[in-house]
Amino acid sequence: MLKLASLTVVELSVPLVDPFVIASGRVDATRCALVTAVLEDGSARFTGLGEAACLPPVTREDQPDVLRAVAAAAPRLIGIKLDPDDLASLQAPLDAAFHGHLVSRAGVELALLDALARAKGVPLYTLLGGPEPGRAPELVTDITLPILPPARMAELASQWSAKGFVSFKVKVGKDLQGDLDALAAVHRAVPGARFRLDANGGFTADEAVRVLRAAEALGPVECYEQPCAEDDLAGMAQVASTSRAPVVADESVKHLAELGRVRDARAASGVNLKIAKSGGLLPALAIGRAARAAGMSIMVGGMVETRLGMTAATHLAAALGGVEFPDLDTAWLLRTDPFRGGYRESGPRYTLGSEPGLGIELR
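In this text the structure is predicted, and so the values were computed from the model without any measurement.

1. Side note on the pairing of strand 1 (residues 2-12)
Line of reasoning, step 1. Looking at chain direction, strand 1 and strand 6 (residues 81-82) are connected through 2 bridges and run antiparallel. Looking at strand 6, one finds that Leu-2 is bridged to Leu-82.
Line of reasoning, step 2. In the sheet, strand 1 pairs with strand 4 (residues 31-41) via 9 bridges, with the strands oriented antiparallel. Bridging from a neighbouring strand, Leu-7 pairs with Ala-37 of strand 4.

Right under this line is the structure:
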């Protein structure tokens, strides 16, 4: 058993190269918090890192909320005993400390998991029940094009294509004509582009289908993420019934119980797993395993995180044995990288090594 000796939290704000604009909001820098947990086992100490990532209004919490929530919870959590062979034991103390604060809970849980994996001497993906150390699958990520003037989106697509990216997650849902213009501009710049549309719930069903048809006329559409509002399952189902590509639920599935509701409504045949929105890596992993058992496709993404958060998402995908739609790209969109280690990248291709925990450190 290990004891939690300290738990601290600080701001983690890194400017983006371009504003990250989606149908429901905009950020110009990461609105995250860095959580550090230290576990003790006799004279040995193991330090774990976690990123709590906010993306208002997708997440109810913003950065100041997370800083307050983690600082307030720390005195209640310091001293708890944790067993790296019983990860379920994490749930009760975290639930009690962070009721309703999913992003805060996620950051602390990740720091604890990183420290537990380091204590056990295995990569986090192995601790989670995934492959043996050194056997994590290679993952090929897409790259996100936020909602910007079509000329800038086309310029970015061309730059990313030159670095080997083929799949483009194109943000839509804010302005219908602007979306159509942007898709055409990206296609002209990169004729071989493969589209992953993401409306962040911004469309009616009819609007979503119109954009889908326009994209299909230009090139392959790999998936269509959250075309309608999170509670518009009928609209999602209408889009899904006409789409050859999987409709992937994001905002509609934060918790395991919501997965069944979406499936029953035939609103989506895929789900996007995000550590922050589900309150932690373990809840997200449970959704992923249930989706896999149900024959659904899986995306693993994030909330505009640094290399730390994207490395955690990569371990999540690896623990599932790989996923159909890796969306592990947001660290590429930042001006600087405050971390070293984590995933190894060659263009869009990511691999994980056998280092204990997340294998990542502050620079």
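2. Comments concerning the packing of helix 1 (residues 63-77) against helix 3 (residues 102-120)
Helix-helix packing is characterised by the crossing angle of the two axes and by the distance between the axes.
Line of reasoning, step 1. Put simply, helix 1 and helix 3 touch, their axes get as near as 9 Å, and they point 55° apart. Put simply, helix 1 runs oblique to helix 3. For the pair helix 1 and helix 3, the sense of crossing is right-handed. Each of Asp-65, Val-66, Ala-69, Val-70 and Leu-77 in helix 1 lies in contact with helix 3, whose residues at this interface are Val-103, Ser-104 and Val-108.
Line of reasoning, step 2. When the residues that make up the contact of helix 1 with helix 3 are grouped by side-chain class, the tally is 6 nonpolar, 1 polar and 1 charged.

3. A look at the sheet that holds strand 7 (residues 139-140)
Line of reasoning, step 1. Pairing is antiparallel in the open sheet, where 3 strands are placed in the order 7-18-17. If you trace the sheet from one side to the other, it starts and ends with strand 7 and strand 17 (344-346), each paired once.
Line of reasoning, step 2. In terms of strand pairing, strand 17 meets strand 18 (residues 349-351) through 3 bridges, oriented antiparallel. Looking across to strand 18, one finds that Arg-344 is bridged to Thr-351.

4. Some points on the sheet that holds strand 11 (residues 221-225)
Line of reasoning, step 1. Spatially, the 8 strands line up as an open sheet ordered 8-9-10-11-12-13-14-15, and their pairing is parallel. The open sheet has two edge strands, strand 8 (143-145) and strand 15 (325-326), and neither has a second partner.
Line of reasoning, step 2. Of the pairings in the sheet, the one linking strand 10 (residues 194-198) to strand 11 comprises 4 bridges and is parallel in character. The partner of Leu-197 across the bridge, within strand 11, is Tyr-224.
Line of reasoning, step 3. Contacts from helix 7 (residues 205-218) reach strand 10 and strand 11, with the element oriented near 165° to strand 11.

5. Considering the pairing of strand 11
Line of reasoning, step 1. When you tally the buried positions in strand 11, you get 5 out of 5 residues, the bulk of the element.
Line of reasoning, step 2. In terms of handedness, the path from strand 10 via helix 7 over to strand 11 forms a crossover that is right-handed.
Line of reasoning, step 3. Of the pairings in the sheet, the one linking strand 11 to strand 12 (residues 247-249) comprises 2 bridges and is parallel in character. Of the residues in strand 12, the one forming a bridge with Glu-225 is Val-248.
Line of reasoning, step 4. As for the winding sense of the linkage, the β-α-β connection from strand 11 through helix 8 (residues 233-242) to strand 12 is right-handed.

6. Focus: the packing of aromatic side chains
Line of reasoning, step 1. The full count for this structure, using the stated rule, is 4 aromatic pairs.
Line of reasoning, step 2. With a centroid separation of 5.4 Å and an interplanar angle of 75°, the aromatic rings of Trp-160 and Phe-165 are classed as edge-to-face. Both residues of the pair, Trp-160 and Phe-165, count as buried.
Line of reasoning, step 3. Considering the side-chain rings of Trp-160 and Trp-332, the 5.8 Å spacing of their centres and the 85° angle between planes classify their relative orientation as edge-to-face.

7. Focus: the pattern of salt bridges
Line of reasoning, step 1. What the rule picks out here adds up to 29 salt bridges.
Line of reasoning, step 2. Here Arg-118 ties to Glu-361 by a salt bridge, and the two come within 2.9 Å at their closest N and O atoms. On the criterion of sequence distance, the pair formed by Arg-118 in helix 3 and Glu-361 in strand 19 (residues 360-362) is long-range, its members being 243 residues apart.
Line of reasoning, step 3. One network of salt bridges, with partners in common, ties together Lys-169, Lys-171, Asp-198, Glu-225 and Asp-327.

8. Let's talk about empty space enclosed by the protein
Line of reasoning, step 1. For the structure on display, the rule yields 3 cavities of 30 Å³ or more.
Line of reasoning, step 2. Its volume calculated, the largest cavity comes out at about 120 Å³.
Line of reasoning, step 3. Taken together, 17 residues make up the lining of the largest cavity; nearest its centre are Phe-20, Lys-169, Lys-171, Lys-274 and Gly-302.
Line of reasoning, step 4. Of the residues assigned to the lining of the largest cavity, the class counts are 6 nonpolar, 4 polar and 7 charged.
Line of reasoning, step 5. Quantified by volume, the second largest cavity comes out at close to 40 Å³.
Line of reasoning, step 6. If you go around the second largest cavity, the residues you meet are Pro-123, His-315, Gly-342, Leu-352, Gly-353, Glu-355, Gly-357, Leu-358 and Gly-359.
Line of reasoning, step 7. Taken together, the residues that form the lining of the second largest cavity break down as 3 nonpolar, 5 polar and 1 charged.

What counts and what doesn't
Residues numbered from 1 in each chain as written. Predicted model: local features only at pLDDT ≥ 70, side-chain atom pairs only at ≥ 80, totals over all residues. Heavy atoms only, no water. Pairing = 2+ DSSP bridges. Helix = DSSP H or I, 4+ residues; strand = E, 2+ residues; numbered from the N terminus. Axes fitted to C-alpha atoms, helices over the stretch in contact; angles between N-to-C directions. Parallel < 35°, antiparallel > 145°, perpendicular 65-115°, else oblique. Left-handed = near helix turned anticlockwise from the far one by under 90°. Contact = heavy atoms within 4.5 Å. Nonpolar A, V, L, I, M, F, W, Y, C, P; charged D, E, K, R; others polar. Buried < 20%, exposed > 50% of the residue type's maximum accessible area, 1.4 Å probe, protein only. Right-handed = clockwise from strand over helix to strand, strands pointing away. Phe/Tyr/Trp six-rings, centres within 6.5 Å; stacked < 30°, edge-to-face > 60°. Salt bridge = Lys/Arg side-chain N within 4 Å of Asp/Glu carboxyl O. 1 Å grid on protein atoms, 1.4 Å probe; cavity = no way out; pocket = protein on both sides within 12 Å on 5 of 7 lines; lining within 4 Å. Points joined across faces, edges and corners; volume = space filled by probe spheres on them.

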